[in-house]
Amino acid sequence: MALKGLSFFTFTLLLLTIFPLMSSSRPNPAHSHRKMQSQFVFPDHLHGSQKGDKLEGIHQLKKYLQQFGYLNNVQIHSETNEDEFDEFLEFAIKTYQKNYNLKVTGTLDAMTLAQMSKPRCGVADIIDGKTWMRSGKKRNEGDGSSHFHTVSHFAFFEGNPKWPTTKSHLTYGFISGTPLEAITPVGRAFSTWAANSHFTFSQVSGNQTADINISFQRGDHGDGFPFDGVGGVVAHAFSPSDGRFHLDADESWAAGVASGSFDLETVALHEIGHLLGLQHSSIEGAIMWPSVPEGAAKGLHADDIAGIKALYNSSL
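Residues numbered from 1 in each chain as written. Predicted model: local features only at pLDDT ≥ 70, side-chain atom pairs only at ≥ 80, totals over all residues. Heavy atoms only, no water.

As named in an unreviewed UniProt entry, the protein is Metalloendoproteinase 2-MMP-like, taken from Momordica charantia.

Here's what the structure looks like:
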């Protein structure tokens, strides 16, 4: 991992892979978010592919859509030929296009490929076939025969998990070995959420128990959602009240805007949203939009604030 624009960085991240995760509970789905070369690279010849095509590399597309909830195990292996562009793949692409405000064609067009290639949070857009809306209503795409449901601005996790009313103050801590330079920008992200919700936060030190545990990890780090190296998925967090927040140590990070790096504060704002119970938003300007900007910063959007207030029935 490289932290650009930061002083006194020490190469301690190799220690991170030896620290065990501290939650023994069964994890909720991770929410999981170049010099960057994206890990999400699809063969050029897939551009323009559509239902009925049989092309080498389509299985890569299916795996991507499975990773983020648009296909399940049965659908991805529904055909003996994994490189067949079948009706399940067409429907999954239409749902993806709808969620990302793209033209809904079911064809792998240039705009769809460009969106899929962007670095992002690791949380699935659709979990167990469902995205839960503020209203509790779900909208089907297509002919209504599928269980897929589309994103409508802010969203919650299945069952609306949230911190109990007795836990409006949450503590957070950093796993030993975290670079000191990462602590301040992540702390600013907590302060921003505190200013726009009913939550307050404080950092604990040493071996004190924290509600939220933050660490840099790389590769397979034991939570069932391995990181993929430079590009691709850059971070993920878990829904309440698991409290785990992981950043990919292989990425280039910065405490601010720096070319070729990810802004720690921006990514932390997104992942804290997951830790508080927000799923992804279909509004590109929202911090809960799934893609993570490289060399840029974002703040909270009215959609993010409305989502946290709706989840906790708060007017603050």
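### As for the overall build of the protein
From N to C terminus, the protein includes seven helices and 11 strands. By residue count, 53% of the 316 residues in the protein fall in the buried class. Summing over all exposed atoms, the protein offers an accessible surface of approximately 13,500 Å²; the carbon and sulfur share of this is 51%. (Helix = DSSP H or I, 4+ residues; strand = E, 2+ residues; numbered from the N terminus. Buried < 20%, exposed > 50% of the residue type's maximum accessible area, 1.4 Å probe, protein only. Areas by Shrake-Rupley, 256 points an atom, 1.4 Å probe, with all protein chains shown as cover.)

### Considering the pairing of strand β6 (residues 200-203)
For strand β5 (residues 169-174) and β6, the ladder comprises four bridges, and the chain directions are parallel. Directly across from T171, in β6, lies its bridge partner S202. Taken together, β5, helix α5 (residues 183-195) and β6 form a β-α-β motif whose crossover is right-handed. (Pairing = 2+ DSSP bridges. Right-handed = clockwise from strand over helix to strand, strands pointing away.)

### Re the confidence of the model for the protein
Mean pLDDT over the protein works out to 83, with 78% of the residues at or above the 70 mark. Confidence drops under a pLDDT of 50 for residues 5-32, and excluding neighbours within four residues, the segment shows 74 contacts in the predicted structure. For residues 131-152, every residue scores under 50 in pLDDT, and the model assigns this stretch 63 contacts once sequence neighbours within four places are set aside. (pLDDT = per-residue confidence, 0-100. Contact = heavy atoms within 4.5 Å.)

### With respect to the packing of α5 against helix α6 (residues 264-276)
It is at 8 Å that the axes of α5 and α6 come closest, and there the two elements cross at 50°. If you check the angle between α5 and α6, you find them oblique. Here α5 runs over α6; the crossing is right-handed. For the pair α5 and α6, the contacting residues are P185, V186, R188, A189, F190, T192 and W193 in the first and L264, E265, A268, L269, I272, G273 and L276 in the second. For the contact of α5 with α6, the residue count by class is 10 nonpolar, two polar and two charged. (Axes fitted to C-alpha atoms, helices over the stretch in contact; angles between N-to-C directions. Parallel < 35°, antiparallel > 145°, perpendicular 65-115°, else oblique. Left-handed = near helix turned anticlockwise from the far one by under 90°. Nonpolar A, V, L, I, M, F, W, Y, C, P; charged D, E, K, R; others polar.)

### Side note on the packing of aromatic side chains
The geometry of two aromatic rings is summed up by the distance between their centres and the angle between their planes. Considering all chains together, one arrives at 17 aromatic pairs under this definition. Each ring, one from F42 and one from Y64, has its centre 5.6 Å from the other, and the planes form 85°; the classification is edge-to-face. Of this pair, F42 sits in the loop between β1 (2-4) and α1 (58-67) while Y64 sits in helix α1; the two residues are 22 residues apart in sequence, bridging distant segments of the chain. Centroid distance F216 to W253: 6.2 Å. Interplanar angle 75°. Geometry classified as edge-to-face. One end of the pair, F216, is in strand β7 (residues 212-217); the other, W253, is in strand β10 (residues 252-254), with 37 residues separating them in the sequence. Here W253 falls in the buried class, since its relative accessible area comes to 0%. Here the guanidinium or amino end of R120 rests over the ring plane of F68, the centre of that ring lying 3.7 Å away. (Phe/Tyr/Trp six-rings, centres within 6.5 Å; stacked < 30°, edge-to-face > 60°. Lys NZ or Arg CZ within 6 Å of the ring centre and 35° of its normal.)

### A word on the packing of α1 against helix α3 (residues 87-99)
The geometry of α1 relative to α3 is characterised by a closest axis approach of 11 Å and an angle of 50° between their N-to-C directions. Comparing their axes, α3 and α1 come out oblique. Along this stretch, α1 crosses α3, giving a crossing that reads as left-handed. Contact residues: I58, L61, K62, Y64 and L65 in α1; L89, A92, I93 and Y96 in α3.

### Details of the sheet that holds β5
Spatially, six strands are ordered β2-β8-β9-β7-β5-β6 in an open sheet, and the strand pairing comes out mixed. Each edge of the open sheet is held by one strand with a lone partner, namely β2 (120-121) and β6. Taken together, the three bridges between strand β8 (residues 233-237) and strand β9 (residues 244-248) define a ladder with antiparallel strand orientation. Bridging from a neighbouring strand, A235 pairs with L247 of β9.

### Side note on the pattern of salt bridges
This structure, assessed with the given rule, holds six salt bridges. Here D250 and R218 are joined by a salt bridge, their closest N and O atoms 3.0 Å apart. Highlighted residues: D250 in the loop between β9 and β10 and R218 in the loop between β7 and β8, separated in sequence by 32 residues. Classification of D250 as partly exposed rests on a relative accessible area of 27%. R244 is the partner of D242 in a salt bridge, and the nearest nitrogen-oxygen pair spans 2.8 Å. The same class applies to D242 as to R244, namely buried. (Salt bridge = Lys/Arg side-chain N within 4 Å of Asp/Glu carboxyl O.)

### Points about the side chain of S314
Within the element layout of this structure, S314 appears in the segment after α7 (302-312). Since its relative accessible area comes to 17%, S314 is described here as buried. Not counting residues within four places of it along the chain, the set of residues in contact with S314 comprises H198 and K309.

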